[in-house]
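Observations on the model geometry
Here are the chains, one letter per residue:
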Amino acid sequence: MEPLRNYLDRLQPDFSKDGRFERYSAIYEMIDNLFYTPATITQFAPHVRDGIDLKRVMTLTVLAVLPCVFTGIWNIGFQANTAMVNLIIDSAPGWRGGLLDFLGSNYDPGSAWDNMLHGVVYVIPVFVVALLVGGVWEILFAVIRKRKLSEGILVISLLFTLTLPPTIPLWQAALGISFGVVIGKEVFGGTGKNFINPVLAGRAFLYFAYPAQISGDSVWTAVDGFSGATPLGLMSAGGVESVSVHNITWTQAFLGQIQGAMGETSTLACLLGGAFLVYTGIVSWRIIAGAFTGMFLTAILFNLAGSDANPMFSVPWYWHLVLGGFAFGTIFLATDPVTSACTNSGRWLYGLLIGILVVIIRVANPTIPECTMFAILLANILAPLIDYSVMQVNIRKRLQGYGRQ
């Protein structure tokens, strides 16, 4: 790597102040920081010197998401290969089928290799499109504003990809990431200044703009002509008994062997990633614990209330935990340090709000069973108010304490 370091050092004066390519210094910084630790460090107060930086935070986040990536890739291939066997289909259509045939895939659902191959040809293209399009927007805004590029686009693109169904058209993925990066982030000033999660902003845009490609029963399995509802969709129509009829067990849902988005199906993978993020101090455990507590208590209340007309009242908390994008959204999206609450008490309230809203919307409005993104976006909007209220309560308590002295 030494020749690369020397080459970048020779180019550096051209991209510095008054250099020939000063306007494009953000691109140089992006390439340099991709391979090496940033040279800029804090020197004086009030900044705190620490061993971690944004690049390392994003790297650790990517590592935490990898279990979801691998289990998601396997599950996409497994669901597709299983459907192809049932429908007696010999090969996948289009360029993906040609590529899989070239790689020697036998479309065997019992083969981990065949499942991974089939899943890769759906996940990687969407991720590449999201990364390239999102990266272009990041570079454009960095050049115009004469600011450094943020490494966050890698995480945003990856998380955005994992929230989508495998059948999403690539051009729609490009539109979604464009909306998320531009409207959800850059128009507010960029990294650290947005008040809603850009991943969820992009997904919400696709949900309302192209509902046929982002929801329904035909988008979760990458096989033309195959229709299969997610367990959450089945429960919204017929309760817990409906998943039993389709031979879906809680263990399958926990491990991720079910219909669903590309990286949201495995609760186990999400918990492993969450434990890593909490251990490294990247996210707050209070938000995760608050969301799980809110979900648990609200589900118990609905179970006690009961309803003969709405089967979702009877869904127990442990099913809510493994259904839809609850675990993925709570661990990887709700904990975004920029858009979540900042005070410790506020984080508990913020998490509780998300858990409560997820169950209420699922039960009260079964037509929108996958509502985690709406719950998190609403909590994002209310996060500043939550922090403000917590700080005001603390101020009043301290003033009262001074008065008693």
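Computed from a predicted structure; not experimentally measured.

With that out of the way, let us pick up the overall build of the chain. Along the chain, the regular secondary structure elements total 18 helices and zero strands. Burial analysis of the chain (405 residues in total) assigns 49% to the buried set. When contacts within the chain are restricted to residue pairs at least 6 apart in sequence, long-range pairs at least 24 apart make up 72% of them. Accessible area of the chain: about 19500 Å², with a carbon and sulfur share of 66%.

Attention shifts here to helix α14 (residues 285-305). The terminal C-alpha atoms of α14, which comprises 21 residues, lie 30 Å apart, in line with the 30 Å expected from a rise of 1.5 Å per residue. Looking at the buried residues of α14, the elements they touch are α13 (267-279), α15 (317-322), α16 (326-333) and α17 (344-364). One side-chain oxygen at the N-terminal end of α14 lies 3.2 Å from the backbone nitrogen of arginine 286; it belongs to serine 284. Phi for glycine 306, located one or two positions after α14, is positive at around 70 degrees.

In this section: the side chain of threonine 335. The residue threonine 335 is located in the loop between α16 and α17 in this model. Threonine 335 gets classed as buried once you look at its relative accessible area, which sits at 4%. A distance of 2.5 Å separates a polar atom in the side chain of threonine 335 from the backbone oxygen of isoleucine 331. Dropping the residues within four chain positions of it, threonine 335 is found in contact with Val283, Ser284, Ile287, Ile288, Thr330 and Ser340.

On to the state of the cysteines. A complete count under the given rule lists zero disulfides for this structure. Summary of cysteine pairing: cysteine 68 is not part of a disulfide, and the nearest cysteine sulfur, belonging to cysteine 270, is at 3.7 Å. On the basis of relative accessibility, which here comes to 0%, the residue cysteine 68 falls in the buried class.

Turning next to the environment of asparagine 86. Locating asparagine 86 in the fold gives a position in helix α3 (residues 54-87). For the pair formed by asparagine 86 and phenylalanine 226, sequence separation is 140 residues and the distance between their alpha carbons is 9.9 Å.

What follows covers the nonpolar core. Within the largest apolar cluster, 95 residues are counted, with the highest numbers of intra-cluster contacts made by Leu164, Trp319, Phe332 and Tyr350. The element that contributes the greatest number of residues to this core is α3, accounting for twelve residues. Leave out the neighbours within four places in its chain, and leucine 164 touches Val126, Ala173, Arg203, Leu206, Ile214, Ala261 and Met262.

Another point: the pattern of salt bridges. Pairing of side chains with opposite charge becomes possible as their charged atoms draw close. Counting across every chain of the model gives two salt bridges. With a shortest N-O distance of 2.6 Å, lysine 185 and glutamate 138 are connected by a salt bridge. One end of the pair, lysine 185, is in the loop between α7 (170-182) and α8 (198-209); the other, glutamate 138, is in helix α5 (residues 112-145), and 47 residues separate them in sequence. Glutamate 138 matches lysine 185 in its accessibility class, with the two residues each being buried.

Here we take up the environment of threonine 163. Structurally, threonine 163 can be placed in the loop between α6 (152-162) and α7. Judged by relative accessible area, which is 0%, threonine 163 ranks as buried. Threonine 163 sits 37 residues away from leucine 200 along the chain, and the two C-alpha atoms are 8.6 Å apart. The residues touching threonine 163, leaving out its near neighbours within four places in the chain, are Val199, Arg203, Ala261, Glu264, Phe328 and Leu333.

Right, let's talk about the packing of aromatic side chains for a bit. In total, this model carries 15 aromatic pairs according to the counting rule given. Aromatic pair tryptophan 285 and tryptophan 348: ring centres 5.6 Å apart, planes at 85 degrees, arrangement edge-to-face. Here tryptophan 285 is found in helix α14, whereas its partner tryptophan 348 is found in helix α17, with 63 residues between them in sequence. Judged by its relative accessible area of 42%, tryptophan 285 falls in the partly exposed class. Looking at tryptophan 348, the relative accessible area reads 31%, which means it is partly exposed. Taking the centre distance of 5.9 Å and the plane angle of 85 degrees together, the rings of tryptophan 317 and tyrosine 318 count as edge-to-face.

So, how was this worked out
Residues numbered from 1 in each chain as written. Predicted model: local features only at pLDDT ≥ 70, side-chain atom pairs only at ≥ 80, totals over all residues. Heavy atoms only, no water. Helix = DSSP H or I, 4+ residues; strand = E, 2+ residues; numbered from the N terminus. Buried < 20%, exposed > 50% of the residue type's maximum accessible area, 1.4 Å probe, protein only. Contact = heavy atoms within 4.5 Å. Areas by Shrake-Rupley, 256 points an atom, 1.4 Å probe, with all protein chains shown as cover. Expected span 1.5 Å × (residues − 1). Polar contact = N/O pair within 3.5 Å; in protein donor to acceptor, adjacent residues only side chain to side chain. Disulfide = S-S within 2.5 Å. Core = buried A, V, L, I, M, F, W, Y, C linked by side-chain atoms within 4.5 Å. Salt bridge = Lys/Arg side-chain N within 4 Å of Asp/Glu carboxyl O. Phe/Tyr/Trp six-rings, centres within 6.5 Å; stacked < 30°, edge-to-face > 60°.

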